[in-house]
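Residue-level structure breakdown
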Amino acid sequence: MGARFEELAWRETPIGAISLRRRRDPALDVDVYEVKLDDDFLMSSLFPVAEIELARLGLAALGGDDLDVAVGGLGLGYTARTALEDPRVRSLVVVEAIEDVIDWHRRQLLPFAAGLAPDPRTRFVRADFFAAVAGGDGLDPEHPGRRFHAVLLDVDHSPRHVLHPSHAPFYTPDGLRRLAELLHPEGVFALWSDDPPDADFGRVLAEVFPTSQAHVVAFANPLTGGESANTVYVARR
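Bear in mind that the values here come from a model prediction, so they are computed numbers and not experimental data.

**Concerning the domain arrangement of the chain**
Interfaces are often sized by the accessible area lost when the parts come together. When cut into domains, the chain gives domain 1 (5–43) and domain 2 (47–236). Placing the centre of domain 1 and that of domain 2 at their C-alpha centroids yields a distance of 21 Å. Between domain 1 and domain 2, the residue contacts involve 17 residues of the former and 16 residues of the latter. Interface of domain 1 and domain 2: buried area, both sides summed, is about 1400 Å²; carbon and sulfur atoms make up 77% of it. On the domain 1 side of the contact with domain 2, I15, Y33 and M43 bury the most area, a combined 35% of that side's loss. Across the domain 1-domain 2 interface, the total number found is zero salt bridges. Applying the counting criterion to the domain 1 and domain 2 interface returns zero residue pairs in polar contact (both at pLDDT 80 or more). Those elements that place two or more of their residues in the side of domain 1 that touches domain 2 are β1 (5–13), β2 (16–25), β3 (30–37) and β4 (40–44). Tallied by class, residues from the side of domain 1 that touches domain 2 come to 12 nonpolar, two polar and three charged.

Structure follows, in structure tokens:
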């Protein structure tokens, strides 16, 4: 066990100061890794369940083998690492806007994400996910217009609570249609949200995708001693 608190990385970015820190929680007797954007907590290793389920639920909706998967937002790596646990995944492109976040994983600062960066199926792309979709060239700059079997997105708090105003157009019918063009037929788009299921966003999904479902993912909250929940939307082209 190291120091009770350690800031592992910090950087000013166009959307605010992002930092990775580790603290020892004496009550739980665990090291907790947290990501903050300015004073806003983005994610914590205490609550990985929904990020893990984002990958599991998204990939469970797919048949077949030799899956090409894209993850939008790297964060603590739970979604990407879980995707690699599916033996059907042959390639994983992880799109992350902040180079420092990619560097955390290349330096393997996060023990629970061990194996993500060295896995030969993984390739990190330093890019703004939303701008890449809107721009038309897609999520893989080495192969413009490349299609994927699944796109798993975890960047904003929810479609209503975005980290930057430039993300908002993505959650409209036109934005999602551009995303759908990057999916193979019957491909899957899955989205993490910190909010309860949103009926209005469900209707937006229904305008673009033939089928979609909002999954409520409940998990124990060790801070409150109760239960919390996130939402994972899964839509199929």
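Text resumes after the structure shown.
**Quick notes on the side chain of D198**
Within the secondary structure, D198 is located in the loop between β9 (183–193) and α6 (199–208). In this structure D198 comes out as buried when scored by relative accessible area, which is 14%. At 2.4 Å, the side chain of D198 and the side chain of R160 are in polar contact.

**Considerations on the sheet that holds strand β11 (residues 226–236)**
One open sheet accounts for seven strands, arranged β7-β6-β5-β8-β9-β11-β10; its pairing is mixed. Because the sheet does not close on itself, it has two edges, and the strands there are β7 (122–126) and β10 (211–221). Taking each pair of neighbouring strands and ignoring which way they run, the sheet shows an average axis angle of 20 degrees. Taken together, the four bridges between strand β5 (residues 67–72) and strand β8 (residues 148–153) define a ladder with parallel strand orientation. If you follow A70 over to β8, its bridge partner there is V151. Of the strands in this sheet, β6 (89–96) and β7 are in contact with helix α3 (residues 99–106), which crosses β7 at around 155 degrees.

**Some thoughts on the packing of aromatic side chains**
Per the counting criterion, the structure on display carries 12 aromatic pairs. When the ring of Y171 is compared with that of F201, the centres are 6.1 Å apart and the planes differ by 70 degrees; the resulting orientation is edge-to-face. Of this pair, Y171 sits in the loop between β8 and α5 (173–180) while F201 is found in helix α6, placing the two residues 30 residues apart along the sequence. Each member of the pair Y171 and F201 is classed as buried. Relative to Y233, the ring of F201 lies with its centre 5.1 Å away and its plane at 80 degrees, an arrangement referred to as edge-to-face.

**Description of the pairing of β8**
Within β8, six of the six residues are buried, leaving the element largely enclosed by the surrounding structure. The pairing of β8 with β9 spans five bridges and is parallel. Bridge assignment links F148 to a residue of β9, and that residue is L183. Traced from β8 through α5 to β9, the parallel crossover comes out right-handed.

**Quick notes on the environment of F41**
Mapped onto the elements of the fold, F41 is located in strand β4. Among all residues touching F41, those that are not within four sequence positions of it are R21, E34, V35, K36 and H157.

**Things to note about α3**
Among all positions in α3, only D100, V101, I102, W104 and H105 are buried. Against β1, β2, β3, β6 and β7 lie the buried residues of α3.

Thresholds applied
Residues numbered from 1 in each chain as written. Predicted model: local features only at pLDDT ≥ 70, side-chain atom pairs only at ≥ 80, totals over all residues. Heavy atoms only, no water. Domains from an automatic or database assignment. Contact = heavy atoms within 4.5 Å. Buried area = accessible area lost by both parts, 1.4 Å probe. Salt bridge = Lys/Arg side-chain N within 4 Å of Asp/Glu carboxyl O. Polar contact = N/O pair within 3.5 Å; in protein donor to acceptor, adjacent residues only side chain to side chain. Helix = DSSP H or I, 4+ residues; strand = E, 2+ residues; numbered from the N terminus. Nonpolar A, V, L, I, M, F, W, Y, C, P; charged D, E, K, R; others polar. Buried < 20%, exposed > 50% of the residue type's maximum accessible area, 1.4 Å probe, protein only. Pairing = 2+ DSSP bridges. Axes fitted to C-alpha atoms, helices over the stretch in contact; angles between N-to-C directions. Phe/Tyr/Trp six-rings, centres within 6.5 Å; stacked < 30°, edge-to-face > 60°. Right-handed = clockwise from strand over helix to strand, strands pointing away.

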